[in-house]
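The lines below spell out each chain.
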Amino acid sequence: MPRKLHPFMRQISITYRCAMRFRENALANTGLAGCHTPYLTALYRQPGISQEEMARQLSVNKSSVTRQLSVLEEKGYVRREPSATDKRILLVFPTDKALEVKERLYRCYHDWNRYLTQDFSDEEQEVLSRLMARIADRAEDYVKGGDCTCERSDNT
C-alpha cells in the first residue's frame, strides 16, 4: 500500500506562502510583493530575456508573466522593448531601480533559507537539497509534457 503523501504537498504550499510573506516584509518600502521576486531574479540572471522564455523558466503561463511584468513596469522595476530581430517578441530588462534592490533580494533569499534550516545539520541540509531538487526536476518534467503515471487514490 502506498504511503500517504498528501500532507507533503500541503507542507510545500505552506512553506511557499510563508516565503512570500517573508519576502514582502524583507522588501518593505520597495513596493514589491513576494510574487514579484522570481521575475526580478530571472532578469538578474538573464537581462533581455523574452517574456516567453521567462514563462518557461519560471514554469508559469505567459499571461501571468505579462500581468506581473506590467505591474513591475508601472513600479519602475522593468522595461520591455521589442526584439530587434522579431518585433512580436518583447525582451525584458531590469531598470536601475531593480538593480538597486538586487542585493537586498538575494539577502532575503539567503536569510529565509538560513531561517528554515538553522536547526539542520550540514548532512540534513545536503539531503534536503538533493531531495527537493529531485522533486522540482520531476515536477518540471511533468510541465514540459511528461506523462504522469501516478494512480489516483482517495489519499490525495
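This structure is a prediction, so every number in the text was calculated from the model and none was measured.

1. Remarks on unusual backbone geometry
Line of reasoning, step 1. One non-glycine residue with positive phi stands out, namely N29, at about 75°.
Line of reasoning, step 2. Inspection of the secondary structure puts N29 in the loop between helix 1 (6-26) and helix 2 (37-45).
Line of reasoning, step 3. Backbone geometry at S59 places phi at a positive 55°, although glycine is not the residue there.
Line of reasoning, step 4. Note that S59 resides in the loop between helix 3 (51-58) and helix 4 (62-74).

2. Side note on the sheet that holds strand 1 (residues 49-50)
Line of reasoning, step 1. Strand order in this open sheet of 3 strands is 1-3-2, and the pairing throughout is antiparallel. Strands with a single pairing partner mark the edges of an open sheet, and in this sheet they are strand 1 and strand 2 (78-82).
Line of reasoning, step 2. Across 2 bridges, strand 1 lies against strand 3 (residues 90-94) in antiparallel orientation. Its bridge partner lying in strand 3, I49 is registered against V92.
Line of reasoning, step 3. The strands touched by helix 4 are strand 2 and strand 3; relative to strand 2, the strand with the most contacts, the crossing angle is about 120°.

3. Considering helix 4
Line of reasoning, step 1. Helix length check: helix 4, at 13 residues, gives a terminal C-alpha distance of 18 Å against a target of 18 Å (1.5 Å per residue), a fit within 8%.
Line of reasoning, step 2. The complete set of buried residues in helix 4 reads S64, V65, Q68, L69 and L72. The buried residues of helix 4 occupy one face: seen down the axis, they fall within an arc of 120°. Opposite the buried face of helix 4, at more than 90 degrees from it, the exposed residues are K62 and E74.
Line of reasoning, step 3. The inward-facing, buried residues of helix 4 abut helix 2, helix 3, strand 2 and strand 3.
Line of reasoning, step 4. Positive phi appears at G76, one or two residues downstream of helix 4, with a value of about 85°.

4. Things to note about a nonpolar patch on the surface
Line of reasoning, step 1. Among the surface-exposed residues, F120, L128, M132 and I135 lie close enough to one another that they form a single nonpolar patch of about 290 Å² accessible area.
Line of reasoning, step 2. Relative to the assigned elements, F120 resides in the loop between helix 6 (102-117) and helix 7 (122-143).

5. A closer look at helix 3
Line of reasoning, step 1. Where helix 3 is concerned, the buried positions are Q51, M54 and A55. Looking down the long axis of helix 3, one finds its buried residues gathered within 100° of arc, a one-sided arrangement.
Line of reasoning, step 2. Those residues of helix 3 that are buried lie in contact with helix 2, strand 1, helix 4, strand 2 and strand 3.
Line of reasoning, step 3. Just past helix 3, the residue S59 takes up positive phi, approximately 55°.

6. Let's talk about the packing of aromatic side chains
Line of reasoning, step 1. With the rule as written, the count across this model stands at 4 aromatic pairs.
Line of reasoning, step 2. With 4.9 Å between their ring centres and 40° between their planes, F22 and W112 make a pair best called tilted. Pair noted here: F22 is in helix 1 and W112 is in helix 6, with a separation of 90 residues, a long-range link.
Line of reasoning, step 3. The class for F22 is partly exposed, based on a relative accessible area of 26%.
Line of reasoning, step 4. Of the residues examined, W112 reaches a relative accessible area of 12% and is grouped as buried.
Line of reasoning, step 5. Taken together, a centroid distance of 6.3 Å and an interplanar angle of 45° make the contact between Y106 and Y109 tilted. Of this pair, Y106 and Y109 both sit in helix 6, 3 residues apart, roughly one helical turn.
Line of reasoning, step 6. Put simply, the rings of F22, W112 and Y115 touch in pairs and so form one group of aromatic residues.

Criteria and cut-off values
Residues numbered from 1 in each chain as written. Predicted model: local features only at pLDDT ≥ 70, side-chain atom pairs only at ≥ 80, totals over all residues. Heavy atoms only, no water. Helix = DSSP H or I, 4+ residues; strand = E, 2+ residues; numbered from the N terminus. Pairing = 2+ DSSP bridges. Contact = heavy atoms within 4.5 Å. Axes fitted to C-alpha atoms, helices over the stretch in contact; angles between N-to-C directions. Expected span 1.5 Å × (residues − 1). Buried < 20%, exposed > 50% of the residue type's maximum accessible area, 1.4 Å probe, protein only. Arc of directions from axis to C-beta. Patch = residues over 30% accessible without salt bridge, like charges linked within 9 Å, V, L, I, M, F, W, Y side chains within 5 Å. Areas by Shrake-Rupley, 256 points an atom, 1.4 Å probe, with all protein chains shown as cover. Salt bridge = Lys/Arg side-chain N within 4 Å of Asp/Glu carboxyl O. Phe/Tyr/Trp six-rings, centres within 6.5 Å; stacked < 30°, edge-to-face > 60°.

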